[in-house]
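Here is what each chain is made of, one letter per residue.
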Amino acid sequence: KPSPSAAPERLPFSRVTLQDLDFFRKVLPGRTITDPDLLESSNVDWLKTVRGSSEVLLRPQTTEEVSQILSYCNSRNLAVNPQGGNTGLVGGSVPVYDEIVLSTALMNNVLTFDSISGILTCQAGCVLENLSLYLEERDFIMPLDLGSKGSCQIGGNVATNAGGLRLLRYGSLRGTILGLEVVLADGRVLDCLTKLRKDNTGYDLKQLFIGSEGTLGVITAVSVLCPRKPKSVNVVFLGCETFEQLLQTFQLCRGMLGEILSAFEFLDSECMRLLNTHLKMSNPISDCPFYVVIETSGSDSTHDGEKLQNFLEEAMNLSMVADGTVATEDSKIKALWSMRERVTEALTHEGYTYKYDISLPVEQIYQLVTDMRTHLGDQAKSVVGYGHVGDGNVHLNVTSPAKDPALVAAIEPFVYEWTAKRQGSVSAEHGLGLKKRNYIYYSKPSQAVALMGNIKAMLDPKGILNPYKTLPDDLK
Ligand code: FAD
Ligand code: 2HG
Ligand code: ZN
């Protein structure tokens, strides 16, 4: 029996012909790539676990070009894989077979920025970090921040509804994305690129495309509500003896830091071991079972510093934290953040990594990690937990020296049943892509999944956009 994350059979899409290439070269001169060496990195995902065999990479620069490509592909029944920075972790960003890769990498212009409202409009291929730098020069910031910021693109962020490190403070992209421009499967351009905070004229169609993982349309431009750049930022790195104490610290922190709290993230001692071993990053404090990164962002450094000091004293007095260090200057802030941001990178040096991105009531997030450790015994090389405490989102990662079907059978469906029993989500922020598509029923009722299938059929009747992804095989 094939694994539910294995690719289904190739669907009967057309194959790219020389005439098709002629058309693409006319629309995208010099930007229709067929050299296998140049295609290599677009065919393989970031984790190097999914490999497609596309023979064409298209690099449009404008919405009009995307529209011409999709209109043509739709009429020719050619499958298309929209691709941003290719940092996705669920195999959604690379072709499964010979789907044409449509990259937004050259669609990287800022369109407008309004420094009164903080509303930015830009093309979908702008790299998140470049947008952050652009905004910081203007005293604003992006409402999201991810460890993959150097490569991921805002279009990919919207297509996955990425969460990241600032969601606790600025909320989900479902609130901060104000407008989208999307090219539909048949080439029609849907211009919902509004720049308004409030707009209740009919259904909010942009929400359909946020988190749709390239299956409903190609996002070509976005409008984002950006917060002001905080005048004062502090980061503390703390150690806790138990997860219970970590939760108490979270509660205390919410009460005492209130409006200046901008992140509350954690990693366990196994993550720290991987950072030490594989990335030679040393622990900034003494060894503890759990570590917390707390960030404050405010407008008054004296006021913020006092609040933070009071919080730390109280946490120490109540014995919630065992050790800690504070950073106010940029370089130390970055160094402390990297202890959290680089865990994913450290894991890649372990061999093969099985990733689970689970949402749960916050009190239960670490129980999943301990239960998995007990369940697996010595079958796994390591079982680690880290993630976004403030969002109730744990990243459970299990590693083995190489891909191991017996280990997968021990983890799945255990992890999904465990999550469903507690009404959790089997994909908190990474999406379903290729790898998780068939697990959707653990978190969504079949009526909801069927309705998703109807929406897909209405917007993309031939199913050319990112086939084999997001929706389960039994819908196709
Ligand atoms: P890609 O990987 O290229 O594509 C992702 C999906 O979106 C694919 O299905 C693709 O078809 C679709 N897509 C891309 N662009 C478009 C478009 N313009 N129109 C339509 N569909 C499109 N994710 C989080 O949520 N939170 C994190 O904290 C986080 N941290 C990460 C840290 C690291 C080190 C890494 C490697 C990944 C991390 N991710 C995280 C996952 C990933 O970075 C995000 O999902 C990111 O939003 C993907 O953006 P991308 O441009 O790389 O998209
Ligand atoms: C993070 O929060 C990312 O660091 C990646 O979402 C999580 O690699 C993972 O499992
Ligand atoms: Zn995450």
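Residues numbered from 1 in each chain as written. Chains lettered and ligands numbered in written order. Predicted model: local features only at pLDDT ≥ 70, side-chain atom pairs only at ≥ 80, totals over all residues.

Scanning the protein from N- to C-terminus turns up 17 helices and 16 strands. The globule rule puts the C-alpha radius of gyration for 476 residues at 23 Å, and the 23 Å found for the protein is close to it. For the protein, the spread of C-alpha atoms along the three principal axes comes to 75 × 55 × 45 Å. If you take every contact in the protein between residues at least 6 apart in sequence, the share linking residues at least 24 apart comes to 74%. (Helix = DSSP H or I, 4+ residues; strand = E, 2+ residues; numbered from the N terminus. Rg over C-alpha atoms; globule rule 2.2 N^0.38 Å. Contact = placed C-beta atoms within 7 Å.)

The UniProt feature table records "domain: FAD-binding PCMH-type" (unreviewed entry) at residues 49–229. Helix makes up 23% of residues 49–229 and strand 22%, and the two end C-alpha atoms of the span are 38 Å apart. (UniProt positions renumbered as here; feature names shortened; annotations may be inferred.)

This part takes up the pairing of strand S7 (residues 177–183). Most of S7 is tucked away, with 6 of its 7 residues classed as buried. Here 6 bridges tie S7 to strand S9 (residues 218–225), and the two strands are oriented antiparallel to one another. Considered in S9, the bridge of Val182 is made with Ile219. Bridge count for S7 against strand S8 (residues 189–192) is 4 bridges, and the pairing is antiparallel. (Buried ≥ 20, exposed ≤ 12 C-beta atoms within 10 Å, placed from the backbone. Pairing = 2+ DSSP bridges.)

Moving on, we come to the domain arrangement of the protein. According to the domain assignment, the protein consists of domain 1 (18–106 + 454–475), domain 2 (110–225), domain 3 (232–343) and domain 4 (350–430). When each unit is reduced to the centre of its C-alpha atoms, the spacing between domain 1 and domain 4 is 31 Å. (Domains from an automatic or database assignment.)

The strand order across the open sheet formed by 5 strands is S5-S6-S9-S7-S8, and the pairing between neighbours is antiparallel. The strands lining the two open edges of the sheet, one partner per strand, are strand S5 (110–114) and S8. On average, each strand axis in the sheet is inclined to that of its neighbour by 10 degrees, with strand direction left out of account. Here 5 bridges tie strand S6 (residues 119–123) to S9, and the two strands are oriented antiparallel to one another. Bridge pairing in S9 places Cys122 opposite Val222. (Axes fitted to C-alpha atoms, helices over the stretch in contact; angles between N-to-C directions.)

Let us now look at the site of ligand 1. Close to ligand 1 lie 38 residues; Gly84, Gly92, Gly155, Gly156 and Gly214 are nearest. Contributing elements (two or more residues each) for the shell around ligand 1: strand S3 (80–83), helix H5 (154–160), S9 and helix H13 (343–348). The element contributing the most residues to the shell around ligand 1 is H5, with 5 residues. In terms of residue class, the shell around ligand 1 is made up of 10 nonpolar, 24 polar and 4 charged. (Near = placed C-beta within 6 Å. Nonpolar A, V, L, I, M, F, W, Y, C, P; charged D, E, K, R; others polar.)

Take helix H12 (residues 330–341) next. Its 12 residues give H12 an end-to-end C-alpha distance of 16 Å, which sits within 8% of 16 Å, the value for a rise of 1.5 Å per residue. The elements touched by buried residues of H12 are strand S10 (232–240), strand S11 (261–268), helix H10 (269–279), strand S12 (290–298), strand S13 (323–327) and H13. (Expected span 1.5 Å × (residues − 1).)

Attention now moves to the site of ligand 2. Around ligand 2, the surrounding shell consists of Leu89, Gly147, Thr344, Lys355, Asp357, Gly387, His395 and Asn397. Looking at the shell around ligand 2, the elements with two or more residues in it are strand S14 (352–359) and strand S16 (393–400). For the shell around ligand 2, the class distribution of residues is 1 nonpolar, 5 polar and 2 charged.

Turning our attention to helix H14 (residues 365–376). In this model H14 runs 18 Å from its N-terminal to its C-terminal C-alpha over 12 residues, within 8% of the 16 Å that 1.5 Å per residue would give. When H14 is considered as a whole, its buried residues turn out to be Ile365, Tyr366, Leu368, Val369 and Met372. Axial view of H14: buried residues confined to an arc of 150 degrees, hence all on one face. Check the buried side of H14 and you find it contacts helix H9 (243–257), S11, S14, strand S15 (382–388), S16 and helix H16 (414–421). (Arc of directions from axis to C-beta.)

Our next topic: the sheet that holds S12. Spatial strand order, S13-S10-S12-S11-S15-S16-S14: 7 strands in an open sheet with antiparallel pairing. Two strands bound the open sheet, and with one partner strand each, they are S13 and S14. Within this sheet the neighbouring strands show an average axis-to-axis angle of 15 degrees, counted without direction. Where S10 lies against S13, 5 bridges are found, and the strand directions are antiparallel. Residue pairing across strands places Val236 opposite Val326, the latter belonging to S13. Against the sheet, H14 makes contact with S11, S14, S15 and S16, and its axis sits at roughly 20 degrees relative to S16, the strand it touches most.

Working note: a packed helix pair is described by the angle between its axes plus the distance between those axes. Two numbers describe how H9 lies on helix H11 (residues 301–317): the axes approach to 10 Å, and their chain directions differ by 150 degrees. The angle between the axes of H9 and H11 places the two elements in the roughly antiparallel class. H9 and H11 meet at a crossing whose hand is right-handed. Here Thr249, Leu252, Cys253, Met256 and Leu257 of H9 come into contact with H11, specifically with Lys307, Leu308, Asn310, Phe311, Glu314 and Ala315. Residues that form the contact of H9 with H11 fall into these classes: 7 nonpolar, 2 polar and 2 charged. (Parallel < 35°, antiparallel > 145°, perpendicular 65-115°, else oblique. Left-handed = near helix turned anticlockwise from the far one by under 90°.)

The buried fraction of S11 amounts to 8 of the 8 residues, a majority that puts the element mostly inside the structure. Judged from the 7 bridges that link them, S11 and S12 form a sheet pairing that is antiparallel. Bridging from a neighbouring strand, Phe264 pairs with Ile294 of S12. By the bridge criterion, 3 bridges tie S11 to S15 in an arrangement that is antiparallel. From the neighbouring strand, Leu267 faces S15, where its bridge partner is Tyr386.

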